[in-house]
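# Examining the three-dimensional arrangement
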Amino acid sequence: MSMYRYIEYCHILFVKVTGSGSSLPEGCAEMICRAIFKEVQVQTLSQTDRCTVYNIYSTLLSHKLPELQKMETDFVYGFIQSMDTEKDPRNLLIAFHCARTIILNFSLGPFVEEMFEVTSCYFPIDFTPPPNDEFQISREDLIRGLRGCLSACPEFGPLCIPLLLDKLQSDVQSAILDSLLTLVNLNFIFFIPPANEVAGVYSDPYVRPFVRSSIFSPRSPELVSAAESALSAMGAALSPQPGLSTENSDVDVFIKEVMQDSKRHFVDEDLRLFGPSCRLLLALTQGSDHSCCGVIHQTLPLLEDMYNKFTGANQRKQIIEMLVKFLCCSKRFDRGKASKVVRDLLPSSLEILMSSVSQSSVTLTSAAVEGLGQILSLPDALSSKDLETVCWCVVDLVLNSTDRKVRSSCVEPCKEIMKVYPQISSEILPKLVAKIDTDRDAILPFIAIFAVHKSVISRISEELLNKLQQESQAMSESALQTSLWITACLNDISIYARGNSDCVPILYLETVPGVYRICVSNAVSDNYSEVLSSPDVLQTLSAFIRNTAILLDSGTFGKLYSFVTKVYFEATICEVKLQNPFAPLQTDAPPKQSCLVTLLTPVVCSCPKQFSIPDIEKYRDSLTDLSLRSNHDYTRSEAAKCLSGILNKAPDDEDMAVYLQQRFDFYEKTLTFDSSATSCLQQCVWVTKALVMRGHREASKFVNILLRLLGNEDLGEQAADGVRTVLTLYEDVLNPTMHANIRLLYKQRFFTENSSQIIQGFQTASIGTKKNYLMALSHCLQSLPKSVLLRELPQLFPLIVQSLLCDNIQLQQSTMETLCTMITDAPDVIVKHIDTVIPQLLKLTAYKPVMRVRTCALRCLLALVSLPTSVILPYRPRVIKALEGVLDDKKRLVRLEAVKARNEW
């Protein structure tokens, strides 16, 4: 039979195999493979036919592995011959999978080197997906497949190390990075069983010096991280296995060598290489419990001696920071010997930290306090006496320190205190509350931290609400700021309460009703205070209510919903009827009442899935009218958001369909013939958002209204902002329990369904409205998954270039942020438009009004250096000359970015 007949035979068999591979008669799998090995020269076939062969191997390896194993090295050799010189990434993905299965399940016999060569020849992977790649194969997919092969066989160890060493000496950063990460990925304990050979691998004259130099002289943060991971892998590989003797182990020799390299930098006055030396040792501690013990035991005494030797505040700060890092590295092995070593050495380190707290240097004190907070997180490291001492030391600074930076450094330690020593809250809170009047901005954040305990939260919440009511009636200029601090404190309490179920009932039963009581009472009072109707105060209180509501189960939430409904429709609070009229959802309601729709939104938008809103039509109709006809701008905006939340939760029934058709007809008529209908457009945007987020079948109709309005001279810019609202803003308000991945999917779906319409609209738009389409497209691109962006990039990039040229600062800035990502991921597309991109970026580096525009342009220019030299070399003189002027920019951050970019060019 000719080879081409066998190709056809392969296709037929593949259909047979994939349809019922597990039911093939005994002997068929071997017959198929031997026929292919004998008759088919795989690498002479087309890509499709080669793919068929690899798929046959893959299916047979999945369903008929025992039968293929009987072929022993015949199958191994045949597969090697089939895979040899394969270049297509689609085929390589399948081939790598097959190769790993074979390496793990077959004895390679005399073909160890051949199997290694046929796979390792692809290392490092150098692949850039072509534009519009329908197969969506990434470089990372191929890297994972290849690493799976290289790490599958112990016998590959001696062959793999020289390969990695060779690539570590490459001038290409991606090759070095890939080599380091592969070094981490490979478990050399299994590669080279005898321990002395493992030590030999890491004693290579290049491995350790290279890893060391990557940390001491970093080319990039990625390389530093990879080098540290490689060092950790070395520590793990050289450490003795459980049950074996730990005396004079290879890792101890390794630690000794690294210590000799590092500790000479512990005596330099400028401590220039002290940080990199410590990073070297810290990376080694992550390898194993044994290596962690060895490094800590030798390093901590050195650091304590350094602290006593150096007296400068900045020197001691650096030493303290590293001292704490070494103490905390034992957390990775909290059940091992490292924790005991830390407990034994902790008293002397603790003494240093406590003494540093009382120093006159703010920088040193702050570092010591932060260190104490990290030590509190160590499991069982402190005795009960030391624990109490540390806690009160931090609390004393909270109460008595006058320095903002020192107090700021106490925030995280105080959170740790509440985890390990919560009983302190009953003693500290009265002292904190007493200081609100004299030092509110420093004290209130700590009240929120210490209030999250069931013994005190009720009393503290009540005091905060009383204080809020007092401040709202004050006529001082500081009343608004104090009220904002108090409401922010309440919000923080609700956030911290998420991890403490005992506090939730108190917030729901006492604090939330208290908020409504104060705000509603103020709205109907003759002594009305504008403080409690301030948008900032209302938004913060809304966040507090929302954070509480999402913690409630369906039954408890129903009670909260009933309470709120009585407030807004019956003017009843806690079963007490208000004496003065209160109708906030009426279109003629005074602003001091109607603005409280902000406090309705967090309840109706936070209901659990199992909860059905019983008054949904009543709410919907009231909010529809209020968002259109209220004479108060803030009320209309908040009512539209609340309406959106209602529609997002509404059942998809006939009544909903009728309502949506009415809304659609109304928007079509009003927005077409009344160019000043901004309230209508605002409502349309929020209704559209509700439908898009829930994936409603009618969503596209409303989206089309927005996209058509992009071409409207009067409403086009607002419609573009509406696209941003639909895609990026207020997800926590509209649906606070929506998972982040779901949000990403709805944004991706919106882009996929509507990007073509935006592009077509841009092409036919008038000069004055083209920018609206560009702004809408920019909003679509933000937060879009990279895979989707790269797939659509060729058709989008001309518009992205137009956005860069558009005289709109927000648009230019978001475009440059997107551009920086594209330079790395899609250089081929950038190259085609380089003539336009570089001149415009140079122009923006001199844009004086906005510093961020200048820094974004400089970062883009810096990123362009990664493009092929032949492309950017003609622009080199022009760029260098232009950036010369930017070096004198008034802003230091701009000057720094300019220096980086100009040096690279």
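Rules and cut-offs
Residues numbered from 1 in each chain as written. Predicted model: local features only at pLDDT ≥ 70, side-chain atom pairs only at ≥ 80, totals over all residues. Heavy atoms only, no water. Helix = DSSP H or I, 4+ residues; strand = E, 2+ residues; numbered from the N terminus. Buried < 20%, exposed > 50% of the residue type's maximum accessible area, 1.4 Å probe, protein only. Contact = heavy atoms within 4.5 Å. Areas by Shrake-Rupley, 256 points an atom, 1.4 Å probe, with all protein chains shown as cover. 1 Å grid on protein atoms, 1.4 Å probe; cavity = no way out; pocket = protein on both sides within 12 Å on 5 of 7 lines; lining within 4 Å. Points joined across faces, edges and corners; volume = space filled by probe spheres on them. Nonpolar A, V, L, I, M, F, W, Y, C, P; charged D, E, K, R; others polar. pLDDT = per-residue confidence, 0-100. Disulfide = S-S within 2.5 Å.

### Some remarks on the overall build of the protein
Tallying secondary structure elements over the protein gives 49 helices and 2 strands in all. Residues classed as buried in the protein amount to 54% of the 905 residues present. In the protein, the proportion of contacts linking residues at least 24 apart, taken out of those at least 6 apart, comes to 72%. Carbon and sulfur atoms make up 50% of the accessible area of the protein, which totals about 40100 Å².

### Observations concerning empty space enclosed by the protein
Under the criterion given, the structure shown has 5 cavities of 30 Å³ or more. Of the pockets and cavities examined, the largest cavity occupies roughly 70 Å³. Surrounding the largest cavity, Leu-774, Leu-777, Ser-778, Leu-781, Gln-782, Ile-800, Ser-803, Leu-811, Ser-814, Thr-815 and Thr-818 form its lining. Residue assignment for the lining of the largest cavity shows that the elements contributing at least two residues are helix H41 (770-781), helix H42 (786-805) and helix H43 (809-825). Grouping the amino acids of the lining of the largest cavity by side-chain chemistry returns 5 nonpolar, 6 polar and no charged.

### Focus: unusual backbone geometry
The linkage connecting Phe-123 with the following residue, Pro-124, adopts the cis geometry, with an omega of -10°. With respect to the secondary-structure elements, Pro-124 resides in the loop between helix H7 (112-120) and helix H8 (139-150). Residue Ala-571 is not a glycine yet carries a positive backbone phi of 55°. Among the structural elements, Ala-571 can be located in the loop between helix H30 (554-570) and strand S1 (572-573). Relative accessible area serves as the criterion here: at 7%, Ala-571 is assigned to the buried category.

### Some thoughts on the confidence of the model for the protein
Averaged over the protein, the pLDDT score is 83; the fraction of residues at 70 or greater is 90%. Across residues 188-206, confidence stays below pLDDT 50; counting only partners more than four residues off in sequence or on other chains, it has 43 contacts.

### Observations regarding the state of the cysteines
By the definition in use, this model includes 0 disulfides. Free cysteine Cys-293: the closest other cysteine sulfur is in Cys-292, separated by 6.1 Å.

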